[in-house]
Amino acid sequence: MALLPILEFPDARLRTVAKPVAQFDDSLRQLAQDMLETMYAAPGIGLAATQVDRHIRMLVLDVSEEQNEPKVLVNPSFERVSDITKPYDEGCLSVPGFYETVERVDQIQVHAQDLEGQPISFVADGLLSVCIQHEIDHLDGKLFVDYISNLKRQRIKAKLEKLHRSRA
Ligand code: QAP
Ligand code: CO
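Residues numbered from 1 in each chain as written. Chains lettered and ligands numbered in written order. Predicted model: local features only at pLDDT ≥ 70, side-chain atom pairs only at ≥ 80, totals over all residues. Heavy atoms only, no water.

1. Regarding the site of ligand 1
Item 1. Gly-44, Ile-45, Gly-91, Gly-97 and Tyr-99 are the nearest of the 19 residues found near ligand 1.
Item 2. For ligand 1, an oxygen atom lies 2.8 Å from a polar atom in the backbone of Gly-97.
Item 3. The separation between an oxygen atom of ligand 1 and a polar side-chain atom of Tyr-99 is 3.1 Å.
Item 4. When ligand 1 sits alone it has 510 Å² of accessible area, and the protein chains cover 85% of it.
Item 5. Those elements that place two or more of their residues in the shell around ligand 1 are β4 (85-90) and α2 (126-139).
Item 6. The greatest single-element share of the shell around ligand 1, amounting to five residues, is contributed by α2.
Item 7. Here the residues of the shell around ligand 1 sort into twelve nonpolar, five polar and two charged. (Near = heavy atom within 4 Å. Polar contact = N/O pair within 3.5 Å; in protein donor to acceptor, adjacent residues only side chain to side chain. Areas by Shrake-Rupley, 256 points an atom, 1.4 Å probe, with all protein chains shown as cover. Helix = DSSP H or I, 4+ residues; strand = E, 2+ residues; numbered from the N terminus. Nonpolar A, V, L, I, M, F, W, Y, C, P; charged D, E, K, R; others polar.)

The following block contains the structure:
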């Protein structure tokens, strides 16, 4: 087990588009375990491989109250079930300390594979749906701050850059 460093906005590596997973091997399963450990330690409810500088299409999440229902989705995709959207106050381990309201479709049909390569399919809504859409965005090089005003995004960028300078 290992804690992995999490990339932070505006790191350019967060803009990488992740490649599909083709090999369902022990190193993939090890990465999934390390990502779960990193997510729980943060603490967070979702983490995409992109955020730990691994540019493959895998994400981990746990939106349960008790934080005891880890889920791993490999090569995830979704379709909207209805066009109804809902606002949600989103945060991100790669944008620490900042929360902004984002509008996303509520109900989605999710397709993915598990760590053995077996197909998974389910309908998600509410927090689970928000989390999956947010994490799939990471795999496409997108961040929740891309959905807010330029002014707000620039302010967040300046504050995080200042924080990063003070850490160095
Ligand atoms: C993505 O986000 C998400 O700013 C997961 O200081 C967000 O786990 C899915 C976190 C909203 C659904 C709804 C953020 C931890 C964790 C912070 C997270 C922070 C410490 C964010
Ligand atoms: Co995020």
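Moving on from the model shown.
2. A few points about the pattern of salt bridges
Item 1. Counting across every chain of the model gives 13 salt bridges.
Item 2. Note that Arg-13 is salt-bridged to Asp-53, the shortest N-O span being 3.3 Å. Placement of the pair is Arg-13 in the segment before α1 (26-41) and Asp-53 in the loop between β1 (46-48) and β2 (58-61), with a sequence separation of 40 residues.
Item 3. With relative accessibility at 40%, the residue Arg-13 sits in the partly exposed group. (Salt bridge = Lys/Arg side-chain N within 4 Å of Asp/Glu carboxyl O. Buried < 20%, exposed > 50% of the residue type's maximum accessible area, 1.4 Å probe, protein only.)

3. Digging into the coordination of the cobalt ion (ligand 2)
Item 1. For the cobalt ion (ligand 2), every protein donor is listed as Cys-92 (SG), His-134 (NE2) and His-138 (NE2), and the spread of their distances is 2.0 to 2.2 Å.
Item 2. Of note, the donors binding the cobalt ion (ligand 2) are all from one chain and are spaced C-x41-H-x3-H. Of this pair, His-134 and His-138 both sit in helix α2, separated by four residues, roughly a single helical turn. Across the pair, His-138 and His-134 agree in class, each one buried. (Donors = N, O, S within 2.8 Å, 3.2 Å for Na, K, Ca; no water.)

4. Points about the pairing of strand β6 (residues 108-113)
Item 1. Every second residue of β6 is oriented toward a common face, the buried set being Ile-108, Val-110 and Ala-112 and the non-buried set Gln-109, His-111 and Gln-113.
Item 2. Across five bridges, the pairing between strand β3 (residues 71-80) and β6 is antiparallel. Considered in β6, the bridge of Arg-80 is made with Ile-108.
Item 3. Pairing of β6 with strand β7 (residues 119-124) involves six bridges; the strand directions are antiparallel. (Pairing = 2+ DSSP bridges.)

5. Some words on the sheet that holds β3
Item 1. A sheet is described by the order of its strands in space; here five strands give the open sequence β1-β2-β3-β6-β7, paired in antiparallel fashion. Each edge of the open sheet carries a strand with a single partner, namely β1 and β7. Averaged over all neighbouring strand pairs, the angle between strand axes comes to 40°, with direction disregarded.
Item 2. Of the strands in this sheet, β1, β2 and β3 touch α1, which is tilted by about 40° from β2.
Item 3. α2 rests against β1, β2, β3, β6 and β7 of the sheet, and its axis sits at about 150° to β2. (Axes fitted to C-alpha atoms, helices over the stretch in contact; angles between N-to-C directions. Contact = heavy atoms within 4.5 Å.)

6. Some details on unusual backbone geometry
Item 1. Following Phe-9, the chain continues into Pro-10 via a peptide bond in cis, with omega recorded as 5°.
Item 2. By the secondary structure assignment, Pro-10 is in the segment before α1.
Item 3. Here the residue pair Ala-42 and Pro-43 is connected by a cis peptide bond, since its omega of -5° sits within 30 degrees of zero.
Item 4. Relative to the helices and strands, Pro-43 is located in the loop between α1 and β1.
Item 5. For Asp-53, which is not a glycine, the phi torsion comes out positive at approximately 65°.
Item 6. For Asp-53, a relative accessible area of 32% corresponds to the partly exposed category.
Item 7. Of note in this structure, Gln-67 is not a glycine but carries a positive phi near 55°.
Item 8. Take Gln-67: it is sitting in the loop between β2 and β3.

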